[in-house]
Amino acid sequence: MEFSARQLADFLHGEVDGDPSVKVSDFSKIEEGRPGTISFLSNPRYEPYIYETQSSVVLVNRDFEPSKPVSATLVRVENAYESLAKLMTLVSGERAKPEGISQLASLHATAVTGSGCYIDSFASVAAGAVIGNNVQIHSRVSIGENVVIGNNTILYPGVVIYRDCRIGNNCVIHANAVIGADGFGFAHAEDGSYSKIPQLGNVVLEDDVEIGACTTIDRATMGSTYIRRGVKLDNLIQIAHNVEVGEDTVMAAQVGIAGSTKIGKRTMFGGQSGANGHIHIADGSILAARAVAMSAIDEPGKMWSGFPAVPLLSFQRSFIANKNLPELQKTVTQLKKQLEALEKRLSEEKK
Amino acid sequence: MEFSARQLADFLHGEVDGDPSVKVSDFSKIEEGRPGTISFLSNPRYEPYIYETQSSVVLVNRDFEPSKPVSATLVRVENAYESLAKLMTLVSGERAKPEGISQLASLHATAVTGSGCYIDSFASVAAGAVIGNNVQIHSRVSIGENVVIGNNTILYPGVVIYRDCRIGNNCVIHANAVIGADGFGFAHAEDGSYSKIPQLGNVVLEDDVEIGACTTIDRATMGSTYIRRGVKLDNLIQIAHNVEVGEDTVMAAQVGIAGSTKIGKRTMFGGQSGANGHIHIADGSILAARAVAMSAIDEPGKMWSGFPAVPLLSFQRSFIANKNLPELQKTVTQLKKQLEALEKRLSEEKK
Amino acid sequence: MEFSARQLADFLHGEVDGDPSVKVSDFSKIEEGRPGTISFLSNPRYEPYIYETQSSVVLVNRDFEPSKPVSATLVRVENAYESLAKLMTLVSGERAKPEGISQLASLHATAVTGSGCYIDSFASVAAGAVIGNNVQIHSRVSIGENVVIGNNTILYPGVVIYRDCRIGNNCVIHANAVIGADGFGFAHAEDGSYSKIPQLGNVVLEDDVEIGACTTIDRATMGSTYIRRGVKLDNLIQIAHNVEVGEDTVMAAQVGIAGSTKIGKRTMFGGQSGANGHIHIADGSILAARAVAMSAIDEPGKMWSGFPAVPLLSFQRSFIANKNLPELQKTVTQLKKQLEALEKRLSEEKK
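Numbering of residues begins from 1 in every chain and follows the order in which that chain's sequence is written. Here chains are named by letter from A upward and ligands by number from 1 upward, in the order in which they appear as written. In view of the model being predicted, local features appear only for residues whose pLDDT reaches at least 70, and side-chain atom pairs are presented and counted only at 80 or more, with totals across whole chains, interfaces and linings using the full set of residues. To obtain the side-chain values, all non-hydrogen atoms of the structure were used and water was disregarded.

1. Digging into the overall build of chain A
So, step 1. Secondary structure elements are taken from DSSP: a helix is a run of H or I of four residues or more, a strand is a run of E of two residues or more, and numbering for both begins at the N terminus. Regarding its fold elements, chain A presents 5 helices and 40 strands.
So, step 2. Atoms counted for the radius of gyration: C-alpha only. Globule rule: 2.2 Å times the number of residues to the power 0.38. In terms of C-alpha radius of gyration, chain A reaches 28 Å, well past the compact-globule figure of 20 Å for 351 residues.
So, step 3. On the principal axes, the C-alpha backbone points of chain A span a range of 105 × 75 × 30 Å.
So, step 4. Two residues qualify as a contact provided that any one of their heavy atoms is within 4.5 Å of a heavy atom in the partner residue. Excluding contacts between residues fewer than 6 apart, the proportion of contacts in chain A whose partners are at least 24 apart in sequence is 17%.
So, step 5. For chain A, the accessible area works out to roughly 13,900 Å², and carbon and sulfur atoms hold 49% of it.
So, step 6. Positive charges come from Lys and Arg alone, negative charges from Asp and Glu alone, with His and the N- and C-terminal ends not counted. One atom stands in for each charge, and that atom is NZ of Lys, CZ of Arg, CG of Asp or CD of Glu. Here chain A contributes 33 positive and 39 negative side-chain charges, whose respective centroids are spaced 7 Å apart. Using a 1.4 Å probe, the Shrake-Rupley method yields the accessible areas, and only the shown protein chains count as cover for residues.

Here is the structure:
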């Protein structure tokens, strides 16, 4: 890539504030800015860096008003973060897409692959699998029997898709994620031992889903575990059998969702949060980091925190109250003494 | 599969309540019932669905009494959940077992394999490994030097077994699980750096153990990390070096057990729970989701919750008290004022 | 290995207390001691075992004074744990290092490998990768384009290194760890959907770093995610994009660090702990198991616990106060009654 500030402003429908001829050929973070690179400023917390950055160009929101001189050329846009994303997408699209099927891959004779696919060394595609067009299957991916994969989907090295699962279009699954391992279901015998309940269902990923590295999504006991359109899951997340994750839901790393829980649309789960099994989480719910929904959340669009999760405001109140608890205890002890002293005095006066 | 309600009742030693000739060829969840399928009802929470399900047959407990009309044929059995498991096992057993050793697998000349084994493409078996009969080694499994694996064990794609580990009979290890990586042991030097302590022990999985996807069980520093007979571990669990997990213990996803801890028989660990290192957990202990045992649990068969874990009842009491804490604080402030007012009044009256 | 107690004492600069001619050929834990093995005693909690152990030799600290007779020969050294580590390192060094490049590995024509490397079956090394000397690449490792790996580094089976990442000298990366998957970055559109922000940076692991099994370290959006010299990470840890983990930091299993957080040198993170995004954690900070730093920690070298993390002492005080909370509530209710009774009495007396 190489762009002048003027070209950038034109591409992003923005305005140049400074030297329009200055050129950039790479991105950098504003706090690590180097000459010849472009940075952005969106989070106000990072504003101090704009006055010292070495970056040649900084993308800022249209309404940004510097409180000190800035040496970089500014490109003012409606939304600096979105414009950055647009620009990065442009640049990353310049990279040649890999294509072709490696001689070192193993494709079953009955597997079907679309046009423009890339299948790298030591990937294996089992009997009856159907792979769409322009799919990237990186090295050492295992695709089980009768798996169906949509168009333009990317599977990174080490991904495992168990038999019968269905992956949509435009999905991205990161390295060593596991889709469709057996749900955790056992019948408890009277002697204390457990016998396995076969997990006969599958996992369905709809379109535009992204799954992080080492995330595990278990197959349903019967029927399907559903990851709906547009869901984005970070790394090391556990989705148990028969869960449904609603459209456009995002989950940060290490979240765990127990079996048969139904999660609404556009919910957000912070890092290391979770939900109990067999419950429903309303649309638009936001679980803060570490929150665990232990019972159903019926009211949509509210924020929750803590274990068990309570409304955020209530969590914060309890947290502060809890911090003051040793103080409260002292106050109560003091009150008790005062009251006793008072009672004693009064009863003595009476005499 | 295709069964009539009559055939099902005969197989399961149950009774038909409805049309005995209706046929089913698949399973479905009662809330997603379709004609031609069989569902089950065990958890009373799901009872409302039985009055609207489209399933042709529903397995119910013998004592189930519908409170409204049910259109499905009921098959009444002693334990609907167990009967379902029995039926699913029958059906899953119909699937042909894979067999044969792929030309694309890598077996060291000194490795020994039993009869009826399946070894898929890109699996590798190192020097001195001994594999039992009817073992399934799926694609891209890595088996280290001198590993011993019992009969009928299944290793799914991407599983890694480090050198010298021992896996029992009838075990199932899901995709990308790692057995026998180095325990986390370092000596702290005076300059603040750490030097590695070699981990010379191994991991022993006894018979009938199931291990979830991306679960990691570390090898012992010396001696063995033990996973005893019948243990079932869900996904993304961490078992540190020199831990012992007692017979018939079950752990839900994302549990973490720190080094050298000894866990008794028939214990249960809820999701994201854990135990500190170098402690003992008594037989039959139940740790609720998110509980962390920070010190030894000596009394068997009790339930624990919270961090650090306390008896469940005590956790619940504290949780409720904590919720009421802001209220309590107000009460105390009010009492203080009242008391001060009273004292003031009395001292004034005295004058 | 076979050593006499005398040889051990000479090697470790220690003294023999007992029969110097007794021989050992293996290690064992003191509580599982067997004749012909050497154990060690460092943690005083394990002292009772030294009086019953069957081990032939026990390494102890020079100042250890048995309170009962010990049948094993003691070897007294300055630091029993460090001496053990030294001895184990000696023994583990006796094992032949694997060498040679498997015919079943896939190396791109433009990849460069140093001398003395081991590359096992089904490993793949992509275009432009540069591998140092004496590197061990075990079976089924995937090394992306332009990755650089230093000397003496070991990559265990199933490790995935995405394109452009840099790994230092003397690193160890355990099975199925993922280095350089995309950071979790999406722009939120007005219709509620998310669009991917390309992650154009990389991950840099400096020298002497150890990474546990199934641990995931995401590539930076731009610039680098840094794991500094000497860092040791346990299993199933999540390090998000643009994080920096300072020198000689250790993290136990299942820790999660959110994006752009900067962690100082020589910090310690207990199991299942974590840190919020965009914060700084001071040098030498210690987060107890399960602690989550939600805001910056500016003062170095302090211990923290709880969620949100507070100074350890404050956490302990709150925990105890919380345990006594139901009791406190009763006291307050009692005080209230007493006070009301008193007020009533006084107002009646007044009349």
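2. Comments concerning the relation of the copies chain C and chain B
So, step 1. To superpose the copies, least squares is applied to the C-alpha atoms of every residue with a pLDDT of at least 70 in both. Rotating chain C by 120° and translating it 0.0 Å along the rotation axis places it on chain B, where the RMSD comes to 0.1 Å. When the rotation and shift are considered jointly, the pair of chain copies conforms to a three-fold rotation axis.

3. Re the pairing of strand β21 (residues 178-181) of chain C
Residue and element names in this part refer to chain C.
So, step 1. The sheet contact formed by strand β18 (residues 160-161) and β21 spans 2 bridges and is parallel. The residue bridging Val160 from the neighbouring strand is Val178, located in β21.
So, step 2. For two strands to count as paired, DSSP must find a minimum of two bridges between them. In this sheet, strand β26 (residues 216-218) lies alongside β21 in parallel orientation, the contact comprising 3 bridges. Considered in β26, the bridge of Ala181 is made with Asp218.

4. Description of the interface of chain A and chain C
So, step 1. Between chain A and chain C, the contact holds 62 residues from the first and 72 residues from the second.
So, step 2. Between chain A and chain C, the buried area comes to about 5,400 Å², and carbon and sulfur atoms account for 64% of it.
So, step 3. As a salt-bridge pair, A:Glu210 and C:Lys196 come within 2.8 Å of each other at their nearest N and O atoms.
So, step 4. Here a polar contact means two N or O atoms within 3.5 Å. Within protein one must be a hydrogen donor candidate and the other an acceptor candidate, and residues neighboring in sequence count only if both atoms are side-chain atoms. Where chain A meets chain C, there are 21 residue pairs in polar contact (both at pLDDT 80 or more).
So, step 5. Counting only elements with at least two residues in the side of chain A that touches chain C, the list comes to α3 (80-92), β28 (232-233), β31 (250-251), α4 (312-323) and α5 (325-350) of chain A. Buried surface area refers to the total accessible area, computed with a probe of radius 1.4 Å, that the two partners give up upon joining, counted for both partners together. Any carboxyl oxygen of Asp or Glu that lies within 4 Å of a side-chain nitrogen of Lys or Arg is treated as forming a salt bridge with it.

5. Some thoughts on the sheet that holds strand β40 (residues 310-311) of chain C
Residue and element names in this part refer to chain C.
So, step 1. As summarised here, the arrangement of the 12 strands in space is β8-β11-β14-β17-β20-β25-β28-β31-β34-β37-β39-β40, forming an open sheet in which the pairing is mixed. For this open sheet the edge positions go to β8 (100-101) and β40, each flanked by a neighbour on one side alone.
So, step 2. Where strand β39 (residues 303-305) meets β40, 2 bridges bridge the pair, whose relative direction is antiparallel. From the neighbouring strand, Trp304 faces β40, where its bridge partner is Pro311.

6. Things to note about the environment of A:Phe307
So, step 1. Considering the arrangement of structural elements, one finds A:Phe307 in the loop between β39 (303-305) and β40 (310-311).
So, step 2. Sequence-wise, A:Phe307 and A:Glu52 are 255 residues apart; in three dimensions their C-alpha atoms are separated by 43 Å.
So, step 3. A:Phe307 has contacts with A:Val292, A:Met294, B:Ala289, B:Arg290, B:Ser305, B:Phe315 and B:Phe319, leaving out every residue within four places of it along the chain.

7. Some remarks on α3(A)
Residues and elements named next belong to chain A.
So, step 1. Helices are assigned an expected span. That span is 1.5 Å times one less than the residue count. The end-to-end C-alpha distance of α3, which contains 13 residues, comes to 18 Å, matching closely the 18 Å that a straight helix rising 1.5 Å per residue would cover.
So, step 2. Among all positions in α3, only Ala80, Ser83, Leu84, Ala85, Leu87, Met88 and Val91 are buried.
So, step 3. Taken together, the buried residues of α3 touch β1 (3-4), α1 (5-11), β4 (26-27), β5 (37-41), β6 (57-61) and β7 (73-77). Remark: exposure states derive from per-residue accessible area (1.4 Å probe, protein chains only) relative to the maximum for the residue type, with buried under 20%, exposed over 50%, and partly exposed in between.

8. Looking at the interface of chain C and chain B
So, step 1. Taken residue by residue, the interface counts 62 residues in chain C and 72 residues in chain B.
So, step 2. Taken over both partners, the interface formed by chain C and chain B buries close to 5,400 Å², and the fraction arising from carbon and sulfur atoms is 64%.
So, step 3. On the chain C side of the interface with chain B, the three residues burying the most area are C:Phe122, C:Arg140 and C:Arg290, jointly 11% of the side's total.
So, step 4. Scanning the region where chain C abuts chain B turns up 1 salt bridge.

9. What about the sheet that holds strand β36 (residues 280-281) of chain C?
Residue and element names in this part refer to chain C.
So, step 1. If you trace the 9 strands from one edge of the open sheet to the other, you get β10-β13-β16-β19-β24-β27-β30-β33-β36, paired in parallel fashion. Looking at the sheet topology across the chains shown, the edges are occupied by β10 (112-113) and β36.
So, step 2. As defined by bridge partners, strand β30 (residues 244-245) adjoins strand β33 (residues 262-263) across 2 bridges and the pair is classed as parallel. Note on β33: the bridge partner recorded for Glu244 is Lys262.

10. As for the domain arrangement of chain A
For an interface, size is often stated in terms of accessible area lost upon the parts coming together.
So, step 1. When the domains of chain A are assigned, the result is domain 1 (3-93), domain 2 (159-308) and domain 3 (321-351).
So, step 2. Per the annotation, domain bounds derive from an automatic or database assignment of domains. The centre of domain 2 of chain A, based on its C-alpha atoms, is set 52 Å off from the matching centre of domain 3 of chain A.

11. Description of the pattern of salt bridges
So, step 1. Taken as a whole and judged by the stated rule, the model has 46 salt bridges over all chains.
So, step 2. Ionic pairing is found between B:Arg34 and B:Asp26, a salt bridge with its closest N-O pair at 3.4 Å.
So, step 3. Relative accessible area serves as the criterion here: at 35%, B:Asp26 is assigned to the partly exposed category.
So, step 4. A single salt-bridge network, built from bridges that share partners, covers A:Glu145, A:Arg163, A:Asp164 and A:Arg219.

12. Some words on the packing of aromatic side chains
So, step 1. Centres within 6.5 Å are what make two rings of Phe, Tyr or Trp a pair, Trp counting through its six-membered ring; a difference in plane orientation under 30 degrees is then read as stacked, over 60 as edge-to-face, and the rest as tilted. Applying the stated rule across the entire model yields 21 aromatic pairs over all chains.
So, step 2. Plain terms: the ring middles of A:Tyr156 and C:Tyr162 are 4.9 Å apart, the flat faces sit at 40° to each other, and that makes the pair tilted. With A:Tyr156 in the loop between β17 (154-155) and β18 (160-161) and C:Tyr162 in the loop between β18 and β19 (166-167), the pair connects residues from two separate chains.
So, step 3. Between the aromatic rings of B:Tyr46 and B:Tyr49, the centroid separation amounts to 5.8 Å while the plane-to-plane angle is 35°, which identifies the pairing as tilted.
So, step 4. Classification of B:Tyr49 as partly exposed rests on a relative accessible area of 34%.
So, step 5. Members of the aromatic cluster, connected to one another through ring pairs, are A:Phe122, B:Phe122 and C:Phe122.
So, step 6. Note on criteria: charge over ring means Lys NZ or Arg CZ within 6 Å of the ring centre, with the direction from the centre no more than 35 degrees off the ring normal. Of note, A:Arg228 hangs over the ring of A:Tyr226, and the distance from its end group to the ring centre comes to 4.0 Å.

13. A short note on the packing of helix α5 (residues 325-350) of chain B against helix α5 (residues 325-350) of chain C
So, step 1. Contact geometry of α5(B) with α5(C) gives a least axis separation of 10 Å together with a crossing angle of 30°. The pairing of α5(B) with α5(C) is recorded here as roughly parallel in orientation. The crossing of α5(B) and α5(C) is left-handed. Note on element contacts: α5(C) touches α5(B) through C:Leu325, C:Leu328, C:Gln329, C:Val332, C:Leu335, C:Lys336, C:Leu339, C:Leu342, C:Glu343, C:Leu346 and C:Lys350, opposite B:Leu325, B:Leu328, B:Thr331, B:Val332, B:Leu335, B:Gln338, B:Leu339, B:Leu342, B:Arg345, B:Leu346 and B:Glu349.
So, step 2. Residues are sorted three ways: Asp, Glu, Lys and Arg are charged, Ala, Val, Leu, Ile, Met, Phe, Trp, Tyr, Cys and Pro are nonpolar, and all the rest, Gly among them, are polar. Its residues placed into classes, the contact of α5(B) with α5(C) shows 14 nonpolar, 3 polar and 5 charged. A fitted line through C-alpha atoms serves as each axis, taken over the contacting stretch for helices, and the angle formed by two N-to-C directions is quoted from 0 to 180°. Here roughly perpendicular refers to angles of 65 to 115 degrees, roughly parallel to angles under 35, roughly antiparallel to angles over 145, and oblique to all remaining angles. With the far helix as reference, a near helix turned anticlockwise by less than a right angle produces a left-handed crossing, and one turned clockwise produces a right-handed crossing.

14. Looking at empty space enclosed by the protein
So, step 1. With a 1 Å grid laid over protein atoms only, a set of points is called a cavity when a 1.4 Å probe fits there but cannot get out and a pocket when it is open yet has protein on both sides within 12 Å along at least five of seven lines; lining residues have an atom within 4 Å of a point. Grid points are joined across faces, edges and corners, and a volume is the space filled by probe spheres set on the points. Enumeration over the complete set of coordinates arrives at 6 cavities of 30 Å³ or more.
So, step 2. The volume enclosed by the largest cavity comes to roughly 940 Å³.
So, step 3. Considering the residues around the largest cavity, the lining is formed by 35 residues, among which A:Phe307, B:Phe307, B:Asn322, C:Phe307 and C:Asn322 are closest to the centre.
So, step 4. Secondary structure elements with two or more residues in the lining of the largest cavity: α4 of chain A, α4 (312-323) of chain B together with α4 (312-323) of chain C.
So, step 5. Split into classes, the residues belonging to the lining of the largest cavity amount to 15 nonpolar, 14 polar and 6 charged.
So, step 6. Approximately 180 Å³ is the volume attributed to the second largest cavity.
So, step 7. Around the second largest cavity sit A:Leu236, A:Gln254, A:Gln272, A:Arg290, B:Leu236, B:Gln254, B:Gln272, B:Arg290, C:Leu236, C:Gln254, C:Gln272 and C:Arg290, which together line it.
So, step 8. Counted by class, the lining of the second largest cavity contains 3 nonpolar, 6 polar and 3 charged residues.

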